[in-house]
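# Descriptive analysis of the structure
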Amino acid sequence: VGSQASTLLRNEELEEIKKEAGLSHSQITHLCSRFELTINSVGNWIINAFFPEGEDQVNFRGFLQTLAHFPTIEDNEKSKDVNGPEPFNSRSNKLRFAFRLYDLDKENKISRDELLKVLCMMVRVHISDEQLGSIADRTIQEADQHGDSAIYLSQTLKWSIRFLH
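First, a word on scope: everything that follows refers to the structure included in this document. All values reported here derive from a predicted model rather than from experimental measurement.

Within the protein chain, the secondary structure is distributed over ten helices and two strands. If you list the helices and strands of the protein chain from N to C, you get α-α-α-α-α-α-α-β-α-α-β-α. Buried residues in the protein chain amount to 32% of all 165 residues. Put simply, 46% of the contacts in the protein chain that link residues at least 6 apart link residues at least 24 apart. For the protein chain, the exposed area adds up to about 10800 Å²; of that, 51% sits on carbon and sulfur atoms.

Next comes the structure, spelled out in structure tokens:
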């Protein structure tokens, strides 16, 4: 491991990360050299995904574990350990991760207001407020199975199965 990676990780942590994240030694070294966070208008929202609940700091391992949600599922199938934990980039873990991004108040549900705030952060420049409201309303209507104008993780997992299979 490069000098910066060796100061951030013990060898056993490096090996665990390689298994958990499905990354090669050189990929980890490269990412370690770029382990730097910058903030922009959407940055706070995205950066918060890297921080464990209740923490105000992130370590390199946590950074890589969060990044591990993003590779395509097919890449992970080749190195999947059937006896190990579910990979971070499995469909269900990707959905859990995405759900946490939208659950701004961490109440384990996504309200229309939360969905609208996230949509505004991502696309407000290109879409009118009225269109964003319509998108939020339709999304809640399609995914809400309890009739309480909110989306829960269990609903998200069930709802997504229709589109993934």
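Resuming the write-up.
Residues Leu-104, Met-121 and Met-122 make up a contiguous nonpolar surface patch of about 220 Å² in total accessible area. Here Met-122 shows up in helix H8 (residues 112–123). Judged by relative accessible area, Met-122 falls into the partly exposed class, the value being 38%.

Let us now look at the environment of Leu-31. Relative to the helices and strands, Leu-31 resides in helix H3 (residues 25–33). You can call Leu-31 partly exposed: its relative accessible area is 21%. Once the C-alpha coordinates of Leu-31 and Phe-63 are considered, the two residues, 32 residues apart in sequence, prove to be 9.4 Å apart. Not counting residues within four places of it along the chain, the set of residues in contact with Leu-31 comprises Leu-23, Phe-60, Phe-63, Leu-64 and Leu-67.

For the rest of this paragraph, the subject is the nonpolar core. Membership of the largest hydrophobic core comes to 13 residues, with the highest contact counts inside it found for Leu-9, Ile-17, Ile-28, Phe-60 and Leu-64. Of all elements in the fold, only helix H2 (11–21), H3 and helix H5 (60–67) reach the threshold of two or more residues within this core. Ignoring any residue separated from it by four or fewer positions in sequence, one finds Ile-17 in contact with Leu-9, Gly-22, Ile-28, Arg-61 and Leu-64. Leu-119, Leu-132, Ala-136 and Ala-143 belong to the second largest nonpolar core, which has eleven residues in total.

Cut-offs applied
Residues numbered from 1 in each chain as written. Predicted model: local features only at pLDDT ≥ 70, side-chain atom pairs only at ≥ 80, totals over all residues. Heavy atoms only, no water. Helix = DSSP H or I, 4+ residues; strand = E, 2+ residues; numbered from the N terminus. Buried < 20%, exposed > 50% of the residue type's maximum accessible area, 1.4 Å probe, protein only. Contact = heavy atoms within 4.5 Å. Areas by Shrake-Rupley, 256 points an atom, 1.4 Å probe, with all protein chains shown as cover. Patch = residues over 30% accessible without salt bridge, like charges linked within 9 Å, V, L, I, M, F, W, Y side chains within 5 Å. Salt bridge = Lys/Arg side-chain N within 4 Å of Asp/Glu carboxyl O. Core = buried A, V, L, I, M, F, W, Y, C linked by side-chain atoms within 4.5 Å.

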